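The chain contents come next:
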Amino acid sequence: MSAPAIALADTTRLASQLRLGVTRLARKLRQETGSGLTPSLLSALATIGRNEPLTLGDLADAERIRRSSVTRIVAALVEADLVARGSDPSDRRTTWIRLTPRGHKLLERSRSRKDAYLATRLRSLDPAQVAVLERAIEIFEQMLAEEK
């Protein structure tokens, strides 16, 4: 027997509440970074850190932004000594980008601050609430995996 269908109005309401909650949490976590970077710069830095080295085109695709925007973002990250650019020895038209040691440190510090904020908040919950959040994470991951 399959699970009963949820009414369209209920899923729309739940989707709205979920979007709002995720947006508020993301905003709060951005505030906790203490990096001084804009959300766009921090997002690009994190993407580079996860996938380095990568090309400007790869970064534009991963961030879902125009290549001209990536050029400006990378220039700002290079200026801040968070990212280094280098030419591909076999194809000088290709530019590879990777984090500098300073970029790695900033990203790690940013993640640690966010994790510490969340850990503090989680410690204030009772075990049943933590269990619900653990299950919600599984469901989020399932929803996102189905998108691919």
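For the structure, see preceding data.
Read on for a plain summary of the structure. (Residues numbered from 1 in each chain as written. Predicted model: local features only at pLDDT ≥ 70, side-chain atom pairs only at ≥ 80, totals over all residues. Heavy atoms only, no water.)

1. A short note on the overall build of the protein
Helix and strand counts for the protein stand at six helices and three strands. In sequence order, the protein lays out its α and β elements as α-α-β-α-α-β-β-α-α. Taken over the C-alpha trace, the protein has a radius of gyration of 19 Å; the compact-globule value for 148 residues is 15 Å, which it surpasses by more than 25%. Its C-alpha atoms give the protein principal-axis dimensions of roughly 60 × 35 × 20 Å. Across the protein, every contact between residues at least 6 apart in sequence was considered, and the portion connecting residues at least 24 apart equals 51%. Accessible surface for the protein amounts to roughly 10800 Å². Of this, 56% is attributable to carbon and sulfur atoms. (Helix = DSSP H or I, 4+ residues; strand = E, 2+ residues; numbered from the N terminus. Rg over C-alpha atoms; globule rule 2.2 N^0.38 Å. Contact = heavy atoms within 4.5 Å. Areas by Shrake-Rupley, 256 points an atom, 1.4 Å probe, with all protein chains shown as cover.)

2. A look at the nonpolar core
By size, the foremost hydrophobic cluster in this structure holds 20 residues, and its most contacted members are Leu 37, Leu 45, Ile 48, Leu 59, Leu 77, Val 83 and Ile 97. Of all the secondary structure elements, the ones that give two or more residues to this core are helix H2 (39–51), helix H3 (56–63), helix H4 (67–79), strand S3 (91–99) and helix H5 (101–123). (Core = buried A, V, L, I, M, F, W, Y, C linked by side-chain atoms within 4.5 Å. Buried < 20%, exposed > 50% of the residue type's maximum accessible area, 1.4 Å probe, protein only.)

3. What about the packing of H2 against H4?
The N-to-C vectors of H2 and H4 enclose an angle of 85°; their axes lie 10 Å apart at closest approach. The angle between the axes of H2 and H4 places the two elements in the roughly perpendicular class. Contact residues: Ser 40, Leu 41, Ala 44, Leu 45 and Ile 48 in H2; Ile 73, Ala 76 and Leu 77 in H4. Along the lines of polarity and charge, the residues of the contact of H2 with H4 split into seven nonpolar, one polar and no charged. (Axes fitted to C-alpha atoms, helices over the stretch in contact; angles between N-to-C directions. Parallel < 35°, antiparallel > 145°, perpendicular 65-115°, else oblique. Nonpolar A, V, L, I, M, F, W, Y, C, P; charged D, E, K, R; others polar.)

4. Thoughts on the pattern of salt bridges
Taken as a whole, this structure holds four salt bridges when the rule is applied. Note that Arg 67 and Asp 61 form a salt bridge whose closest N and O atoms lie 3.8 Å from each other. Under the relative-accessibility criterion, Arg 67 is labelled exposed at 51%. Of the residues examined, Asp 61 reaches a relative accessible area of 51% and is grouped as exposed. In this structure, Glu 138 engages Arg 135 in a salt bridge whose closest nitrogen and oxygen atoms are separated by 2.9 Å. One end of the pair, Glu 138, and the other, Arg 135, are both in helix H6 (residues 127–147), three residues apart, so they sit about a helical turn from each other. (Salt bridge = Lys/Arg side-chain N within 4 Å of Asp/Glu carboxyl O.)

5. Quick word on the pairing of S3
As paired strands, strand S1 (residues 54–55) and S3 are joined by two bridges and run antiparallel to one another. Paired with Leu 54 across the bridge in S3 is Ile 97. The sheet contact formed by strand S2 (residues 83–88) and S3 spans six bridges and is antiparallel. Paired with Val 83 across the bridge in S3 is Leu 99. (Pairing = 2+ DSSP bridges.)

6. Details of the layout of surface pockets
Quantified by volume, the largest pocket comes out at close to 1600 Å³. Contributing to the lining of the largest pocket are 32 residues, with Val 22, Leu 25, Ala 26, Leu 29 and Leu 118 lying nearest its centre. Contributions of two or more residues to the lining of the largest pocket are made by helix H1 (8–32), H2, H5 and H6. Here the residues of the lining of the largest pocket are counted per class, giving 20 nonpolar, five polar and seven charged. (1 Å grid on protein atoms, 1.4 Å probe; cavity = no way out; pocket = protein on both sides within 12 Å on 5 of 7 lines; lining within 4 Å. Points joined across faces, edges and corners; volume = space filled by probe spheres on them.)

7. Observations concerning the sheet that holds S1
Strand order in the open sheet formed by three strands is S1-S3-S2, with antiparallel pairing between adjacent strands. Strands with a single pairing partner mark the edges of an open sheet, and in this sheet they are S1 and S2.

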